[in-house]
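Notes for the structure review
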Amino acid sequence: MRKKIVAGNWKMNENLQEGVALAKEINEALVADKPNCDVVICTPFIHLASVANVLDSSIVGLGAENCADKASGAYTGEVSAAMVKSTGAQYVILGHSERREYYGETAEILKEKVQLALANGLKIIFCCGETLEEREAEKQNEIVKAELAGSVFHLSAEEWKNIILAYEPIWAIGTGKTATAEQAEEMCAYIRQIVAENYNQEVADETSVLYGGSCKASNAPELFTKPNIDGGLIGGASLKCADFKGIIDAW
Ligand code: 3PY
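Read on for a plain summary of the structure. (Residues numbered from 1 in each chain as written. Predicted model: local features only at pLDDT ≥ 70, side-chain atom pairs only at ≥ 80, totals over all residues. Heavy atoms only, no water.)

**Examining the environment of Lys-111**
Relative to the helices and strands, Lys-111 resides in helix 5 (residues 107-119). Residues Lys-111 and Asp-249, 138 residues apart in the sequence, show an inter-C-alpha distance of 34 Å. Dropping the residues within four chain positions of it, Lys-111 is found in contact with Gly-150, Ser-151 and His-154. (Helix = DSSP H or I, 4+ residues; strand = E, 2+ residues; numbered from the N terminus. Contact = heavy atoms within 4.5 Å.)

**Considering the packing of helix 7 (residues 140-151) against helix 9 (residues 181-198)**
One can describe the packing of helix 7 onto helix 9 by two numbers: an axis separation of 11 Å at closest approach and a directional angle of 45°. Put simply, helix 7 runs oblique to helix 9. Of the two elements, helix 7 crosses helix 9, and the hand of that crossing is right-handed. Side by side, helix 7 and helix 9 meet where Gln-140, Asn-141, Val-144, Lys-145 and Leu-148 of the first sit next to Met-187, Tyr-190, Ile-191, Ile-194 and Glu-197 of the second. Split into classes, the residues belonging to the contact of helix 7 with helix 9 amount to six nonpolar, two polar and two charged. (Axes fitted to C-alpha atoms, helices over the stretch in contact; angles between N-to-C directions. Parallel < 35°, antiparallel > 145°, perpendicular 65-115°, else oblique. Left-handed = near helix turned anticlockwise from the far one by under 90°. Nonpolar A, V, L, I, M, F, W, Y, C, P; charged D, E, K, R; others polar.)

**Here's the deal with the pattern of salt bridges**
The full count for this structure, using the stated rule, is 14 salt bridges. Its salt-bridge partner being Lys-245, residue Asp-33 comes within 2.6 Å of it at the nearest N-O pair. One end of the pair, Asp-33, is in the loop between helix 1 (16-32) and strand 2 (38-43); the other, Lys-245, is in helix 12 (residues 241-248), and 212 residues separate them in sequence. We classify Asp-33 as partly exposed; its relative accessible area is 37%. We note a salt bridge from Lys-245 to Asp-249, for which the minimum N-O separation is 3.0 Å. It is possible to trace a salt-bridge network through shared partners that takes in Arg-2, Lys-4, Arg-192 and Asp-230. (Salt bridge = Lys/Arg side-chain N within 4 Å of Asp/Glu carboxyl O. Buried < 20%, exposed > 50% of the residue type's maximum accessible area, 1.4 Å probe, protein only.)

**Structural notes on helix 9**
Its 18 residues give helix 9 an end-to-end C-alpha distance of 26 Å, which sits within 8% of 26 Å, the value for a rise of 1.5 Å per residue. Inspection of helix 9 places Ala-181, Ala-184, Glu-185, Met-187, Cys-188, Tyr-190, Ile-191, Arg-192, Ile-194, Val-195 and Ala-196 among the buried residues, and these make up the whole buried set. (Expected span 1.5 Å × (residues − 1).)

**Describing the site of the ligand**
Contacts to the ligand come from Asn-9, Lys-11, His-96, Glu-168, Ile-173, Gly-174, Gly-213, Ser-214, Leu-233, Ile-234 and Gly-235. Glu-168 is positioned such that a nitrogen or oxygen atom in its side chain is 2.7 Å from an oxygen atom of the ligand. In isolation the ligand offers 230 Å² of accessible surface; the protein chains occlude 97% of this area. Of the residues that constitute the shell around the ligand, the class distribution is three nonpolar, six polar and two charged. (Near = heavy atom within 4 Å. Polar contact = N/O pair within 3.5 Å; in protein donor to acceptor, adjacent residues only side chain to side chain. Areas by Shrake-Rupley, 256 points an atom, 1.4 Å probe, with all protein chains shown as cover.)

**Observations regarding the environment of Phe-244**
Assignment of secondary structure puts Phe-244 in helix 12. Note: C-alpha distance between Phe-244 and Cys-215 (29 residues apart in sequence) is 9.9 Å. Every residue in contact with Phe-244, bar those within four places of it in the chain, is listed here: Val-6, Ala-7, Gly-8, Ile-26, Val-39, Val-40, Ile-41, Ile-234, Ala-237 and Ser-238.

**Digging into the nonpolar core**
Of all hydrophobic cores here, the largest spans 71 residues; its most connected members are Ile-41, Leu-148, Trp-160 and Ile-191. Of the residues forming this core, the biggest block, nine residues, is contributed by helix 9. Aside from chain neighbours lying at most four places away, what touches Leu-148 is Phe-126, Cys-128, Phe-153, Leu-165, Ile-191 and Ile-194. Grouped together as the second largest cluster of nonpolar side chains are 12 residues, Ala-7, Val-40, Cys-127 and Ala-166 included. (Core = buried A, V, L, I, M, F, W, Y, C linked by side-chain atoms within 4.5 Å.)

**Some points on empty space enclosed by the protein**
Counting across every chain of the model gives one cavity of 30 Å³ or more. Computed from the structure, the largest cavity encloses a volume of approximately 50 Å³. In this structure, the largest cavity is lined by Gly-95, His-96, Ser-97, Arg-100, Cys-127, Cys-128, Gly-129, Glu-147, Glu-168 and Ile-170. Of all the secondary structure elements, the ones that give two or more residues to the lining of the largest cavity are helix 4 (97-102) and strand 5 (123-128). (1 Å grid on protein atoms, 1.4 Å probe; cavity = no way out; pocket = protein on both sides within 12 Å on 5 of 7 lines; lining within 4 Å. Points joined across faces, edges and corners; volume = space filled by probe spheres on them.)

**With respect to the packing of helix 1 against helix 12**
Taken N-terminus to C-terminus, the directions of helix 1 and helix 12 make an angle of 40°; their axes are 10 Å apart at the nearest point. Relative to helix 12, the element helix 1 is oriented oblique. Helix-helix and strand crossings are classified by hand; for helix 1 and helix 12 the assignment is right-handed. Residues Leu-22, Glu-25, Ile-26, Ala-29 and Leu-30 of helix 1 pack against Cys-241, Phe-244, Lys-245 and Ile-248 of helix 12. Grouping the constituent residues of the contact of helix 1 with helix 12 by class yields seven nonpolar, no polar and two charged.

**Things to note about the packing of aromatic side chains**
One pass over the full model with this rule turns up five aromatic pairs. Clustering of aromatic rings is evident, with ring pairs tying together Phe-153, Trp-160 and Tyr-199. Over the aromatic face of Tyr-103 sits the side chain of Arg-99, whose NZ or CZ is 4.1 Å from the ring centroid. (Phe/Tyr/Trp six-rings, centres within 6.5 Å; stacked < 30°, edge-to-face > 60°. Lys NZ or Arg CZ within 6 Å of the ring centre and 35° of its normal.)

As structure tokens, this is what we get:
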């Protein structure tokens, strides 16, 4: 059975002390009340090593929000997949629309990042999703398929075991607008279908497909009843322990 996952994406929030305190609070809440799903928190690079020290890794996984498309060398300001791994993190988010839009990350760049993350033993939460204009033009399936084909569909079935997909419609990120549970389910089902076409049905059935984009405790229960939605990638609502726990408790 594929994994149910709730993953937090802190984005560029929380200084080091605040981040460690939040991670401790989440860890304590989940040690006291064990989740029915895998839980991961993805933090800015500077938090990773300190947060790794306060998490019980059997209950809360840890991830970065990005990694470099180069292995090492003269790339001022970059953080490699190997460096991420050395902090104790097990996951990395790649392909978030904010990285694609604000930092020019193309399918080719993401493909390099995917290879390096896998080579360094990281699991990847790979994001895809369409803009409002693309949805209005009914191009959402085409866009999502191209994003996956451009960066991850070349992977072997063995490598694919380390891929978690996250469908994040761009029009629902940070806007307070959520896709309806039906819209989210429709796309997550389509994603599973194209994974089956590219690999096979068994691989597709084992792939966790998350929904992201203004997912919160109030809408998670409905989203999580949908057969093709295996959890959430959570932005703002992962920054408060009670809100994040409310989503985890929806499983
Ligand atoms: C959001 O919920 O806004 C996200 O972008 C999660 O990655």
